Every structure is written in C-alpha cells, then in structure tokens.
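# Architecture at a glance
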Amino acid sequence: MYSEACPVTSTMAKLDTALVNNDLPLARSNAEKLSEQLERTMPDLAKLADRVASSSTIPQARKNYQALEKKMMSDVSGTYQK
C-alpha cells in the first residue's frame, strides 16, 4: 500500500505547490502524472485529476483540484466508518 500511496502523495504535493505558485503548465503536467498513477486502482479519482490537467486557468485548476481533494477525503473517511 505504501508503495502506491507515496508516489501519489508526492505528486499531489507537487501539484499543490504548482497551483500555489500559479504555474499552470507545471500543475497540468503533475495532474496528468497523477491521473496515470490513479487510473488502475481509482479511476474515478483519475478522472478528477484529468479535469485539473485540462484546466485552462489557475482558478479553474484550483477548483478542480479542490474537487479531487474533497473526493479523496470522502473516500478515506467513508472507508473507515462502521
């Protein structure tokens, strides 16, 4: 599990940093990489990452990234509920 989570976590951090720095090309590149990492095991999250990758503005990319984070957090919290 950690071998799959670490690359995703690293890519998410790079994507977040790119958005903070208003670097849309780098954010899109990291979102594409994230989508590839998630495709096999979490295709719904990969589609959200694709939205970030296809964003044409920083505000749009941030909005799409927030939707991705929200979905990730809801999936995690939903997994551990009894």
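Relevant structure appears above.
In this report, the structure presented in the accompanying data block is examined. In this convention, every chain numbers its residues from 1, walking through the sequence in written order. Local features in a predicted model are, by the rule used here, given only for residues with pLDDT of at least 70; side-chain atom pairs are given and counted only at 80 or more, and totals for whole chains, interfaces and linings are based on all residues. Hydrogens are left out, water is left out, and the side-chain values use all remaining heavy atoms of the structure.

## Observations concerning the side chain of N64
Secondary structure follows DSSP: runs of H or I at least 4 residues long count as helices, runs of E at least 2 residues long count as strands, and numbering of each begins at the N terminus. If you trace the backbone, N64 turns up in helix α4 (residues 58-79). Counting of polar contacts relies on pairs of N or O atoms within 3.5 Å, with two restrictions inside protein: one atom must be capable of donating a hydrogen and the other of accepting it, and residues adjacent in sequence are counted only when both atoms are side-chain atoms. Of note is the side chain of N64, whose polar atom sits 3.2 Å from the backbone oxygen of R51.

## Observations regarding the environment of I58
Residue placement: I58 occurs in helix α4. A relative accessible area of 12% means that I58 is categorised as buried. With 39 residues separating them along the chain, I58 and L19 place their C-alpha atoms 6.8 Å apart. Excluding anything up to four places from it in sequence, I58 contacts L19, N22, D23 and L24. Note on exposure labels: buried denotes an accessible area under 20% of the residue type's maximum, exposed denotes more than 50%, and partly exposed covers the range between, all computed with a 1.4 Å probe on protein chains only. The contact rule is simple, with two residues in contact once any of their heavy atoms fall within 4.5 Å.

## So, the packing of helix α2 (residues 24-39) against helix α3 (residues 43-53)
When two helices pack together, you describe them by how their axes are tilted relative to each other and by the distance separating the axes. Here, axes are lines fitted to C-alpha atoms. For helices the fit covers the stretch in contact, and angles between N-to-C directions go from 0 to 180 degrees. For the pair α2 and α3, the least separation of the axes is 8 Å and the interaxial angle reads 165°. As the angle between them shows, α2 and α3 are arranged roughly antiparallel. Our pair here, α2 against α3, has a crossing hand that is left-handed. Across the interface between the two elements, R28, A31, E32, L34, S35, L38 and E39 of α2 pack against P43, L45, A46, A49, D50, V52 and A53 of α3. Residues are grouped as follows: Ala, Val, Leu, Ile, Met, Phe, Trp, Tyr, Cys and Pro are nonpolar; Asp, Glu, Lys and Arg are charged; every other residue, Gly included, is polar. The residue inventory of the contact of α2 with α3, partitioned by class, reads nine nonpolar, one polar and four charged. Oblique is the label for any angle not covered by the other classes, which are roughly parallel (under 35 degrees), roughly antiparallel (over 145) and roughly perpendicular (65 to 115). For any pair of crossing helices, the crossing counts as left-handed if the nearer helix is rotated counterclockwise from the farther one by less than a right angle, and right-handed if it is rotated clockwise.

## Observations concerning the pattern of salt bridges
Criterion for a salt bridge: a side-chain nitrogen of Lys or Arg within 4 Å of a carboxyl oxygen of Asp or Glu. All told, the structure shown has one salt bridge when counted by the stated rule. One salt bridge connects D44 with K71, and the closest N-O pair in it is separated by 3.6 Å. Here D44, found in helix α3, pairs with K71, found in helix α4; they are 27 residues apart in sequence, far enough to count as distant. Note on K71: relative accessible area 30%, which makes it partly exposed.

## As for unusual backbone geometry
Trans is the prevailing form of peptide bonds, just as negative phi is the prevailing case for residues other than glycine. The phi dihedral of N22 is positive, around 60°, even though this residue is not glycine. Mapped onto the elements, N22 comes out in the loop between α1 (2-20) and α2.

## Topic: the nonpolar core
Residues M12, L15, L19, L34, Y65 and L68 are the most contacted members of the largest nonpolar core, which totals 21 residues. Those elements giving two or more residues to this core turn out to be α1, α2, α3 and α4. By residue number, the principal contributor to this core is α3, which donates six residues. Contacts of L34, omitting those with residues within four sequence positions, involve V8, T11, M12, L15, A49 and L68. By convention a nonpolar core is built from buried Ala, Val, Leu, Ile, Met, Phe, Trp, Tyr and Cys residues, the set being connected through side-chain atoms within 4.5 Å.

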